[in-house]
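Listed here are the chains, written in short residue letters.
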Amino acid sequence: MGRVSACSRKALVLKALIIGYGSIGNRHAKILSKLNNISEVSILSSQKNLPYNTINSINDISLLSPDYIVIASSTSLHYKQLKFLENNFGGKKILVEKPLFHKYKKLDINNNSVYIGFNMRYHPIIKKIKEICNNRKLWSIYAFACSYLPDWRPAQNYQKTASAKQANGGGVLLDLSHEFDYIEWIAGKIDPKHIYNEKISDLEIDTDDFLMLNGETVNGARLHIGLNYFTRRPIRRITIDGEGVSIQADLIKNKMNLILDEKNNNYSWPDMERNYTYVAQHKALINNDFSDICTYSEGLNTMKLIDNIRSNS
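Residues numbered from 1 in each chain as written. Predicted model: local features only at pLDDT ≥ 70, side-chain atom pairs only at ≥ 80, totals over all residues. Heavy atoms only, no water.

*Asks:* Just to check I follow, could you spell out the overall build of the protein chain for this structure?
*Replies:* For the protein chain, the helix and strand inventory stands at eight helices and 17 strands. Computed over C-alpha atoms, the radius of gyration of the protein chain comes to 20 Å, within 12% of the 20 Å expected from 2.2 N^0.38 for 313 residues, which places it in the range of a compact globule. For the protein chain, the C-alpha atoms occupy an extent of roughly 60 × 45 × 35 Å along the three principal directions. Burial statistics for the protein chain: of 313 residues in total, 51% are counted as buried. Contacts spanning at least 24 positions in sequence make up 67% of the contacts within the protein chain whose residues lie at least 6 apart. Working note: accessible area of the protein chain is about 15100 Å², and carbon and sulfur atoms make up 45% of it. Charged side chains of the protein chain number 40 positive and 31 negative; the gap between the two group centres comes to 5 Å. (Helix = DSSP H or I, 4+ residues; strand = E, 2+ residues; numbered from the N terminus. Rg over C-alpha atoms; globule rule 2.2 N^0.38 Å. Buried < 20%, exposed > 50% of the residue type's maximum accessible area, 1.4 Å probe, protein only. Contact = heavy atoms within 4.5 Å. Areas by Shrake-Rupley, 256 points an atom, 1.4 Å probe, with all protein chains shown as cover. Lys, Arg positive; Asp, Glu negative; His and termini not counted. Charge placed at Lys NZ, Arg CZ, Asp CG, Glu CD.)

*Asks:* Explain the side chain of Ser 201 here, please?
*Replies:* Along the polypeptide, Ser 201 turns up in the loop between strand S10 (190–198) and strand S11 (210–217). Looking at Ser 201, its side chain comes within polar contact range of the main-chain nitrogen of Leu 203, at 3.1 Å. Polar side-chain contacts of Ser 201 include one of 2.5 Å to the side chain of Asp 209. Those residues in contact with Ser 201, other than ones at most four positions away along the chain, are Asp 209 and Phe 230. (Polar contact = N/O pair within 3.5 Å; in protein donor to acceptor, adjacent residues only side chain to side chain.)

*Asks:* Just checking my understanding: could you explain the packing of aromatic side chains for this structure?
*Replies:* To describe a pair of aromatic rings, you give the distance between the ring centres and the angle between the ring planes. Enumeration over the complete set of coordinates arrives at seven aromatic pairs. Consider the rings of Tyr 267 and Trp 269, whose centres lie 6.2 Å apart with planes at 15°: the pair is stacked. Assessed through its relative accessible area of 23%, Trp 269 is described here as partly exposed. Taking the ring centre of Tyr 148 as reference, the NZ or CZ of Arg 232 above it sits at 3.8 Å. (Phe/Tyr/Trp six-rings, centres within 6.5 Å; stacked < 30°, edge-to-face > 60°. Lys NZ or Arg CZ within 6 Å of the ring centre and 35° of its normal.)

*Asks:* What exactly am I supposed to notice about helix H6 (residues 178–187) here?
*Replies:* One turn of an α-helix holds 3.6 residues; hence residues three or four places apart share an orientation. Counted residue by residue, H6 has 10 buried out of 10 residues, so it is predominantly covered. Within H6, burial applies to His 178, Glu 179, Phe 180, Asp 181, Tyr 182, Ile 183, Glu 184, Trp 185, Ile 186 and Ala 187. A positive phi of about 100° marks Gly 188, the residue just after H6.

*Asks:* Can you walk me through the packing of helix H4 (residues 124–133) against H6 in this structure?
*Replies:* The axes of two packed helices give the description: the angle between them and the distance between them. It is at 9 Å that the axes of H4 and H6 come closest, and there the two elements cross at 25°. Taken together, the axes of H4 and H6 lie roughly parallel to each other. Every residue of H6 that contacts H4 at Ile 126, Ile 129, Lys 130 and Cys 133 is listed here: Tyr 182, Trp 185 and Ile 186. Of the residues in the contact of H4 with H6, the class split is six nonpolar, no polar and one charged. (Axes fitted to C-alpha atoms, helices over the stretch in contact; angles between N-to-C directions. Parallel < 35°, antiparallel > 145°, perpendicular 65-115°, else oblique. Nonpolar A, V, L, I, M, F, W, Y, C, P; charged D, E, K, R; others polar.)

*Asks:* For this particular structure, what's the right way to read the sheet that holds strand S3 (residues 38–44)?
*Replies:* Two modes of strand pairing occur in sheets, parallel and antiparallel, and in both the strands are linked by backbone hydrogen bonds. Pairing is mixed in the open sheet, where seven strands are placed in the order S4-S3-S2-S5-S7-S8-S17. Looking at which strands have only one partner, the edges of the open sheet turn out to be strand S4 (53–55) and strand S17 (294–295). When strand S2 (residues 14–19) meets strand S5 (residues 68–71), the two strands line up parallel, connected through four bridges. Bridge pairing links Ala 16 to Tyr 68 in S5. (Pairing = 2+ DSSP bridges.)

*Asks:* I tried to follow the side chain of Thr 75 on my own but got confused; where do I start?
*Replies:* Summarising the element assignment, Thr 75 is placed in the loop between S5 and helix H3 (78–88). Look past the residues within four positions of Thr 75 in its chain and what remains in contact with it is Pro 99, Phe 101, His 102, Asn 168 and Gly 169.

*Asks:* Sorry if this is basic, but what is going on with the sheet that holds strand S9 (residues 138–148) here?
*Replies:* Ordered by their spatial adjacency, eight strands build an open sheet running S10-S11-S12-S9-S13-S14-S15-S16, and the pairing between neighbours is mixed. The open sheet has two free edges, formed respectively by S10 and strand S16 (263–268), since each of these has just one partner strand. Averaged over all pairs of adjacent strands, the angle between strand axes in this sheet comes to 10°, irrespective of strand direction. Each of S10 and S11 touches helix H8 (residues 296–311); the most contacted strand, S10, lies at about 55° to it.

*Asks:* Could you clarify how one ought to interpret the nonpolar core in this entry?
*Replies:* Within soluble globular proteins, side chains that are nonpolar generally end up buried alongside one another. Formed by 72 residues in total, the largest nonpolar core has its most connected members in Leu 82, Ile 129, Phe 180, Leu 211, Ile 247 and Tyr 296. Contacts of Tyr 296, omitting those with residues within four sequence positions, involve Leu 82, Leu 100, Phe 101, Leu 107, Ile 109, Val 114 and Ile 116. (Core = buried A, V, L, I, M, F, W, Y, C linked by side-chain atoms within 4.5 Å.)

*Asks:* I would appreciate a short explanation of the environment of Asp 241 in the present structure.
*Replies:* Considering the arrangement of structural elements, one finds Asp 241 in strand S13 (residues 230–242). Taking the C-alpha atoms as reference points, Asp 241 and Met 303, 62 residues apart in sequence, are found 27 Å from one another. Those residues in contact with Asp 241 that lie beyond four places of it in its chain are Leu 138, Trp 139, Ser 140 and Ser 246.

*Asks:* Honestly, the pattern of salt bridges in this entry has me stumped. Any pointers?
*Replies:* Once the charged atoms of two side chains with opposite charge are near each other, the side chains can pair. Under the criterion given, the structure shown has nine salt bridges. Residue Arg 121 pairs with Asp 181 through a salt bridge whose shortest N-O separation is 2.8 Å. With Arg 121 in the loop between strand S8 (113–117) and H4 and Asp 181 in helix H6, the pair connects residues that are 60 residues apart, well separated along the chain. No difference in accessibility class separates Arg 121 from Asp 181, as the two residues are buried. Salt-bridge contacts for Asp 307 lead to Arg 310; the nearest nitrogen and oxygen are separated by 3.2 Å. Of the two residues, Asp 307 and Arg 310 both sit in helix H8, three residues apart, roughly one turn of that helix. (Salt bridge = Lys/Arg side-chain N within 4 Å of Asp/Glu carboxyl O.)

Below, the structure written as structure tokens:
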């Protein structure tokens, strides 16, 4: 198949294609269909009777000529699908759901613009922390993301989800990789020192369900990350201490306490909608605001970190 170039447009009105229609693909479709900048949403899926224009073969993408493509399939399919797009199209804006791949693989991107869906960067708490910590000496960082896998999708048997299967790219290292991304975005590259990454619970899955990582960032902050699939009451918190700063943030309750240069401040976002970060990410990409988005090279570096953790656990 020959390469197809995207048409230049004066107005930011784009045709969107979503590859994959699981829970995350469904979410992206609903969000994009409500945005004024999106003229059409199509889906690549083997599912039938979807409420969108649907194709069932990757070879039919050229018939749609989309401007904006979201890869929302199982993680294990990302590499093959992105390579197809890179080899057959040019000038497309592509968002790959996190993580980029199942494991680190080298793929040069020259024909399209590729970004990774680490949407937690658009959470107002994470953005505020990055702003506060910029050029400030940090001493320690604690990050926790712990929840109960069977509660993620109550209408579906958790044993049949991608999270439960190594072959589909499941496991806490991949599913909960937001913590790696936003810590490196805020504090610099992570250097793991002591790692426990394994399957330790009674969940009926063949993926890792536990990570305890101690290490430090390139700028010297001591670091502890805890991830798991089996904590019954969800936790997503980050605590940071450094020169003149102390932060305690809850990314589920959307609250943050900040002591900055001896001044105590409390922040909360009680009305933040569940899809806020996804919407903000799409709007930024559509409008060519790349200031916060995870780049392709950053996504590759996260895969290198994950492979490093695997090989040393």
